[in-house]
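Below are the chains, spelled out letter by letter.
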Protein chains: 2
Amino acid sequence: MMDSKIATIQDVARVAGVSTATVSRTISKPDVVAKATREAVLSAVAETGYRVNTTASNLRRQRTGTVLVLLPNIANPFFSQILAGLASVLTPAEYSMLIADTQTGPDADQRLTHYLTSGQADGLVVLDGTLSPETLSGPLVPPAVLVCEWMGSTLPSVRVENARGAALAVNHLADLGHRKIGHVTGPPGNVLTETRRDGFCRALADRGLPVHDDWILEGDFTMDSGAAAARAWCHLEDRPTALFLSSDEMAIGCMGALQSRGIRVPEDVSIVGFDNIEIAQHLSPGLTTIRQPRTDIGVRAAEILMDMIASKTKDGQSEIITVHLIPRGSTGPAPE
Amino acid sequence: MMDSKIATIQDVARVAGVSTATVSRTISKPDVVAKATREAVLSAVAETGYRVNTTASNLRRQRTGTVLVLLPNIANPFFSQILAGLASVLTPAEYSMLIADTQTGPDADQRLTHYLTSGQADGLVVLDGTLSPETLSGPLVPPAVLVCEWMGSTLPSVRVENARGAALAVNHLADLGHRKIGHVTGPPGNVLTETRRDGFCRALADRGLPVHDDWILEGDFTMDSGAAAARAWCHLEDRPTALFLSSDEMAIGCMGALQSRGIRVPEDVSIVGFDNIEIAQHLSPGLTTIRQPRTDIGVRAAEILMDMIASKTKDGQSEIITVHLIPRGSTGPAPE
DNA sequence: CTGAAAGCGCTAACAT
DNA sequence: ATGTTAGCGCTTTCAG
């Protein structure tokens, strides 16, 4: 009570008049100790204010109690909801999240390998689609779940129907009468970029619509690149009447830039994004987009990882998360 | 090489032909070992692929290597940049961030006390202005830095010029000729809410402008509450010609809702936000706002905390971060 | 059902 | 400058 030092298991054992082993058992498997002893121990715990020292427990149990989350950029709000989903599963399971930014700062690759091989984590959640899959092989790397598409990787993953999402966007626009549909991609080399673009092109073909290379503009998921795409669109001779952008952030940047130039959305051009970030519904007009349930994504990834850790395997299930079209005011009938 | 088990300090000692103590020294204070031994040890480290086991090191050194970050809601993108700033200092200092959501889930208060008293962290960064200061007193609570205003607390803090920011907004609007200026606040009880509202009222008084209770609307920092404020504004008999909202998110929600109703910004009403979140410049019109350098905030908080931990004190410096007005298209001359 | 004892891997006195 | 030694606080056989 008076002491400012935290109580140890020894203190509890002394107060309860039992051995430290019994205290430990009472806490981790209460049912194997006799009722009377258990009560004595629990009241000693309460009296001393004892809390297990996680560090010591982890050392003894040869685990770290940590899950490493690899993401490209902490400051990107896109990930925060996935993190919330992860946390909602990890925290109750007594794991803490160690968040590592894979892009910020120099020698990212080296830091990464350091993390992976340093035995700092019992498991891995990878949110960065640009990482090379080889990085994640090797005997010292803990069980990992990918939260992104990844060509040729057999690791368990939680993925989103990216191609189908793109097709939903195209079909929605085609249903509105658009025949000239453009696309703004993510950064080259990113798997999301590829799968969404492929889905886009295939859907166009399925609808018998032209795939026009000039109408496929390169972006990088940021608002700035969306604004740049808007400028590029203005300079096109033959302009598409609708644009599908590979992220809401780009769509917002694009829509803002268009509106600033007096181009009306959706009267002059229809806009579809991807993600359904919160702000999409608060813009004017509201942004038509493809909804990804980001919290669910985090939850499922964490659940799969917990299963893998519990069963001491590097293999786990994979899961595809369904996407939906959310129609709003930024899309309308094709002009003319 | 062949073994899938990670090497320990013993393995390195054996390979290098020295004691474990020497290996430990070579790694933590290289200058106290002889050059020859150091080289032998380092090559043994390379050969074995040794990495220090942080858990064991922490246990022995009676520290946790962890800084606990308390925030109201992980999913709120507002905090992600502060986190990035924190991480940029903490990671090189060999501390990892444990992020705890203080609002999500039940018994938040209890979980919090649990965290604080469980000795899980060497330091604390508090981003949640609604926490009760008493929670952070007590002998078992580690050194803490507050990143928010907090009445009557003497803990070290990194704060923003909230009152001055509000005054900047008011003066900007008054300079544009507005005499009827309204305000949308944050949630009641929040310190940001209070200080910004007070700054707002004082600035109005300083300019000889009326403080009209009907023109002070309650929000909660979310876009939804901004949209609600827009609806409330529409129902006012005597409408202010300008609104200062206590967060960009509210300003965005408000502006979107106004525009959807055909009300023009800034011709019919001028809008000023607070934060300068990234999207502010991509809206149409761009959002006039008060810039808070969020990454810097995180950096300074982490630096102060590292100092406190290093010098084993619970007292540290405090710092006020300067804010700036960023004028954009959402503000214009008063109508008439 | 409970206790004794042996470490997990590391660091920091203390010796030499 | 280096080695010896004693734990940090906990969990887990292994006996009883």
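Residue numbering note: each chain is counted from 1, following its sequence as written. Chain letters start at A and ligand numbers start at 1, both assigned in the order the entries are written. With pLDDT at 70 or above as the cut-off, local features in this predicted model cover only qualifying residues; side-chain atom pairs require 80 or more to be listed or tallied, and sums for whole chains, interfaces and linings still use all residues. Computation of side-chain values covers all heavy atoms of the structure but excludes hydrogens and water.

A. How the structure looks around the sheet that holds strand E7 (residues 216-218) of chain A. Residues and elements named next belong to chain A. For two strands to be treated as a pair, DSSP must find at least two bridges joining them. A helix here means a DSSP run of H or I that spans at least four residues, while a strand means a run of E at least two residues long, and both kinds are numbered starting from the N terminus. On the basis of which strands lie adjacent, the open sheet formed by four strands has the order E7-E6-E8-E9 and parallel pairing. Two strands in the sheet have a free side with no partner beyond their single neighbour: E7 and strand E9 (270-272). Pairwise comparison of adjacent strand axes, ignoring direction, gives a mean angle of 20 degrees for this sheet. An axis is simply a line fitted to the C-alpha atoms; with a helix, the fit covers only the stretch in contact. Between two such axes, the angle follows the N-to-C directions and lies from 0 to 180 degrees.

B. Inspection of the packing of helix H7 (residues 162-175) of chain A against helix H8 (residues 191-206) of chain A at higher detail. All names here are of chain A. Between H7 and H8, the shortest axis-to-axis distance is 7 Å and the interhelical angle comes to 45 degrees. By the criterion of interaxial angle, the relationship of H7 to H8 is oblique. The hand of the H7/H8 crossing is right-handed. Along the contact surface, H7 presents Asn 162, Ala 163, Ala 166, Ala 167 and Val 170, while H8 presents Leu 192, Thr 195, Arg 196, Gly 199, Phe 200, Ala 203 and Leu 204. Residues are grouped as follows: Ala, Val, Leu, Ile, Met, Phe, Trp, Tyr, Cys and Pro are nonpolar; Asp, Glu, Lys and Arg are charged; all remaining types, including Gly, are polar. When grouped by side-chain class, the residues that make up the contact of H7 with H8 number eight nonpolar, three polar and one charged. Roughly parallel here means an angle under 35 degrees, roughly antiparallel means over 145, roughly perpendicular means 65 to 115, and every remaining angle is called oblique. Should the near helix be turned anticlockwise from the far one by less than a right angle, the crossing is termed left-handed; should it be turned clockwise, right-handed. A contact between two residues is defined here by any heavy atoms of the two lying within 4.5 Å.

C. Up close: the protein's contact with DNA strand C. Proximity is defined per residue: if any heavy atom of the residue lies within 4 Å of a molecule or strand, that residue is considered near it. Around DNA strand C, the structure places 27 residues, and the nearest of them are Arg 25, Thr 37 and Arg 60 of chain A together with Ile 9 and Arg 60 of chain B. The sugar and phosphate moieties of DNA strand C supply 64% of its atoms located within 4 Å of the protein. In protein, a polar contact requires one atom able to donate a hydrogen and another able to accept it; more generally it is a pair of N or O atoms within 3.5 Å, and residues adjacent in sequence count only if both atoms are side-chain atoms. Separating a base nitrogen of DNA strand C from a side-chain N or O atom of Arg 25 of chain B is a distance of 3.5 Å. Here a phosphate oxygen of DNA strand C and a side-chain polar atom of Ser 57 of chain B are 3.4 Å apart. Counting residues per element, the ones that place at least two in the surface near DNA strand C are helix H2 (20-28) and helix H4 (54-61) of chain A together with helix H2 (20-28) and helix H4 (54-61) of chain B.

D. Quick look at H7 of chain A. All names here are of chain A. Helix span, expected: 1.5 Å multiplied by one less than the number of residues in the helix. Look at H7: 20 Å from first C-alpha to last across 14 residues, which is about the 20 Å you get at 1.5 Å a residue. The buried label applies to any residue whose accessible area, calculated with a 1.4 Å probe on protein chains only, is under 20% of its type's maximum; exposed applies above 50%, and partly exposed to all values in between. Considered for burial, the residues of H7 that qualify are Asn 162, Gly 165, Ala 166, Ala 167, Ala 169, Val 170, His 172, Leu 173 and Ala 174. The positive-phi residue at the C-terminal boundary of H7 is Gly 177, with phi of around 100 degrees.

E. How the structure looks around the protein's contact with DNA strand D. Close to DNA strand D lie 26 residues; Ile 9 and Arg 60 of chain A together with Arg 25, Thr 37 and Arg 60 of chain B are nearest. Within the backbone of Ile 9 of chain A, a nitrogen or oxygen atom sits 2.4 Å from a phosphate oxygen of DNA strand D. In the environment of DNA strand D, a sugar or linking oxygen lies 3.1 Å from a nitrogen or oxygen atom belonging to the side chain of Gln 62 of chain B. Split by residue class, the surface near DNA strand D holds 11 nonpolar, nine polar and six charged.

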